[in-house]
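Here are the chains, one letter per residue:
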Amino acid sequence: MKLNTLALASALALASASFSTAASAASEADVDNSFFPNKKGFPAFPGLNPGLVINKANVEQFKGAFDPGLFDMVKDGWVEITIGKNSDFPQPKAYIDATRKNLNKAKLGAKNGDIEGYVAGRPFPEEPDLKDPRAGEKLAWNFKYGVNYGDSGSIYPFYWRYRNAATGQIERTIKFEFHFLNFMHRVEQPPIPEITPNPAKIYRGTYAKVYEPQDLKNTQLLIHRFEDDTKLDDAYLYLGFQRRVRRLATGQTTDAFLGSDMMIEDFEGYNGRTSDMHWAYKGTVNILVPFFNHNEQKLTDEYKESDGYKFVDMHGKGNCMPNVTYQLRKSYILEATPVNPNHPMSKKVLYLDAQTMYAGRVLVYDRKGQLWKNFTIGKSHPDHHLPKNKGSDVSLDDSFSQIDMQAMHCTTGQFKVHIDAKLNPPDLFQVQNLRGGD
């Protein structure tokens, strides 16, 4: 009996290894399906047509087109959702070409957070399989190595507002600039494939600076994420009123950032290492997400830009949600469970858009398993935005809403994104730059 048990275990291990090998072999057809999921038609749901307004009176009819967090908000009267026209959000040709050129070179290592052979493009373009125990991990790598802002991008100005969700009172407005730069795996902006010298092997840099209000002016944040995913990020905070740089401890990325409802780890849906989470693929759904054309939205006149650019407005309970249209899009449900048992959340559920690998909707659950935060990230097509962004094929962050459902509080964001390499010189992402910002 013992021999039979060992033989069975060996057979199961072999079968698992065989499946893993088979599951990792992607084809040219997989690449086409990954980047062009709508070539045979857009997703549809009975009665869901452009111009329809979904509110608490009719939301039950469309429950199957919602993630549970957004459904509950509409059902409870927090917000109404207007349906926009379906549209394609293509990815940059150079990124797609890199995916084809490097097809099947990327392999998962023995441990979560290990990847081998990745060069550029989407590392795992094949359709995820519920039978694949590491399908979630592959999606996490697709997300990490996705196009978000391309090789580099910036946001200026970027307005954050802290709001009382019950009353709508604006408690604080912060004016930022944000910058993002890929040092490695570059496909479009010279130098290609990487910026050198880069002795520390930084994969990506994030830099932010505060302009208003006065008490936070010149506060700066710098994050270095390394090519080695098992290496802790280097993160630095420069406090203008103290005039000194301090290194952030690992745990501070899960603290409230500058008193907002956002953790640093929340940026872009998830701003952490792949190795910090256990990843599980939970299926594929067609759900409503805020993908739209910026110039076709109801924009606010509140902020005055010299070029006439207008920002997305907010609406709903407490003015906590972007006032934009939603469309039905194929999405992968990706569940992230913290490796660290002391993490403030029990899990995060990202709804990854199948075409772009962006997370338009994210749900965060507290340590008791109760819904804690509703996170919405609005995405604009670049051809309907600033003229400089036209033709970039980089789907643009355009607005966000992070709602703490338990504290009845929200942080909202309104973006002006620039896909412009000149705005992101590598020396902007050096620690020495923080000290020179006064």
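First, a word on scope: everything that follows refers to the structure included in this document. In this text the structure is predicted, and so the values were computed from the model without any measurement.

### Comments concerning the overall build of the chain
Along the chain, the regular secondary structure elements total six helices and 23 strands. The C-alpha extent of the chain, read off along each of the three principal axes, is 70 × 55 × 45 Å. Looking at the chain as a whole, 57% of its 438 residues qualify as buried. Here the analysis covers contacts within the chain between residues at least 6 apart in sequence; of these, 64% occur between residues at least 24 apart. Just so you have it, the chain exposes about 18,400 Å², and 53% of that area is on carbon and sulfur atoms. In the chain, 53 positive and 52 negative side-chain charges are present, and the distance between their average locations comes to 1 Å.

### Details of the state of the cysteines
This structure, assessed with the given rule, holds one disulfide. Each sulfur in the disulfide pair cysteine 320 and cysteine 410 lies 2.1 Å from the other. On the S-S bond that ties cysteine 320 to cysteine 410, the torsion sits near -80°, and the link is left-handed. Placement of cysteine 320 in the loop between strand 15 (314-315) and strand 16 (321-322) and of cysteine 410 in strand 22 (residues 409-414) is noted, with a sequence separation of 90 residues between them. Residue cysteine 320 shares its accessibility class with cysteine 410, and that shared class is buried.

### Digging into the pairing of strand 18 (residues 345-353)
Among the nine residues that make up strand 18, seven are buried, leaving the element largely enclosed by the rest of the structure. By the bridge criterion, six bridges tie strand 17 (residues 325-338) to strand 18 in an arrangement that is antiparallel. By the bridge assignment, glutamate 335 is partnered in strand 18 with valine 349. Taking the residues between adjacent antiparallel strands as the criterion, strand 17 and strand 18 are bridged by six residues. Relative to strand 19 (residues 359-366), strand 18 runs antiparallel, the two sharing seven bridges. Across the sheet, lysine 347 pairs through a bridge with tyrosine 365, a residue of strand 19. The turn linking strand 18 back onto strand 19 is made up of five residues, and methionine 357 within it adopts a positive phi angle of 65°.

### Some details on the nonpolar core
In summary, soluble globular proteins display a tendency toward joint burial of nonpolar side chains. Residues Trp160, Phe176, Phe178, Leu221, Phe257, Leu350 and Leu352 are the most contacted members of the largest nonpolar core, which totals 71 residues. Apart from the residues lying within four places of it in its own chain, the contact partners of tryptophan 160 are Arg172, Thr173, Ile174, Phe176, Phe178, Phe257, Ser260, Met262, Phe267, Phe400, Thr411 and Thr412. One finds Val59, Val74, Ala165 and Val312 within the second-largest nonpolar core, a separate group that totals 25 residues.

### So, the side chain of asparagine 374
Residue position: asparagine 374 is located in strand 20 (residues 371-380). Asparagine 374 sits in the buried class, given a relative accessible area of 1%. Among the polar contacts listed, one links the side chain of asparagine 374 to the side chain of arginine 361, at a separation of 2.5 Å. Once residues lying within four places of it in the same chain are set aside, the contact partners of asparagine 374 are Gly69, Leu70, Met73, Arg361, Val362, Leu363, Ser401, Gln402, Ile403 and Met405.

### What about the packing of aromatic side chains?
Going through the model one piece at a time under the given rule, you end up with 33 aromatic pairs. Ring geometry for tyrosine 145 and tyrosine 203: centres 5.1 Å apart, planes at 80°, overall edge-to-face. Of this pair, tyrosine 145 sits in the loop between helix 5 (135-144) and strand 5 (152-164) while tyrosine 203 sits in strand 7 (residues 202-212), and the two are 58 residues apart along the sequence. Residue tyrosine 203 is classed as buried on the basis of its relative accessible area of 3%. With a centroid separation of 6.1 Å and an interplanar angle of 85°, the aromatic rings of tryptophan 160 and phenylalanine 267 are classed as edge-to-face.

### Some remarks on the side chain of serine 380
Here serine 380 shows up in strand 20. Those residues in contact with serine 380, other than ones at most four positions away along the chain, are Phe89, Phe292, Asn293, His294, His385, Ser395, Leu396 and Asp398.

### Looking at the packing of helix 2 (residues 28-35) against helix 4 (residues 93-101)
Between helix 2 and helix 4, the least distance of the axes is 10 Å, while the angle of their chain directions is 155°. Comparing their axes, helix 4 and helix 2 come out roughly antiparallel. Where helix 2 crosses over helix 4, the two elements pack in a sense that is right-handed. Where helix 2 approaches helix 4, its residues Glu28, Val31, Asp32 and Phe35 are matched on the opposing element by Tyr95, Ile96, Thr99 and Arg100. Residues of the contact of helix 2 with helix 4, tallied by class, amount to four nonpolar, one polar and three charged.

### Focus on the pairing of strand 20
Of all ten residues in strand 20, nine are buried, a share of seventy percent or more. Strand direction decides the pairing type here: strand 12 (residues 291-292) and strand 20, joined by two bridges, are parallel. Along strand 20, the bridge assignment pairs phenylalanine 291 with lysine 379. Bridging between strand 19 and strand 20 involves five bridges; their strand directions are antiparallel. If you follow tyrosine 365 over to strand 20, its bridge partner there is leucine 371. If you look at the hairpin formed by strand 19 and strand 20, you'll find four residues sitting between the two strands, and glycine 369 has a positive phi there, around 90°. Bridge count for strand 20 against strand 21 (residues 396-404) is eight bridges, and the pairing is antiparallel.

What counts as what
Residues numbered from 1 in each chain as written. Predicted model: local features only at pLDDT ≥ 70, side-chain atom pairs only at ≥ 80, totals over all residues. Heavy atoms only, no water. Helix = DSSP H or I, 4+ residues; strand = E, 2+ residues; numbered from the N terminus. Buried < 20%, exposed > 50% of the residue type's maximum accessible area, 1.4 Å probe, protein only. Contact = heavy atoms within 4.5 Å. Areas by Shrake-Rupley, 256 points an atom, 1.4 Å probe, with all protein chains shown as cover. Lys, Arg positive; Asp, Glu negative; His and termini not counted. Charge placed at Lys NZ, Arg CZ, Asp CG, Glu CD. Disulfide = S-S within 2.5 Å. Pairing = 2+ DSSP bridges. Core = buried A, V, L, I, M, F, W, Y, C linked by side-chain atoms within 4.5 Å. Polar contact = N/O pair within 3.5 Å; in protein donor to acceptor, adjacent residues only side chain to side chain. Phe/Tyr/Trp six-rings, centres within 6.5 Å; stacked < 30°, edge-to-face > 60°. Axes fitted to C-alpha atoms, helices over the stretch in contact; angles between N-to-C directions. Parallel < 35°, antiparallel > 145°, perpendicular 65-115°, else oblique. Left-handed = near helix turned anticlockwise from the far one by under 90°. Nonpolar A, V, L, I, M, F, W, Y, C, P; charged D, E, K, R; others polar.

Geometric descriptors of this kind do not, in isolation, establish any biological role.
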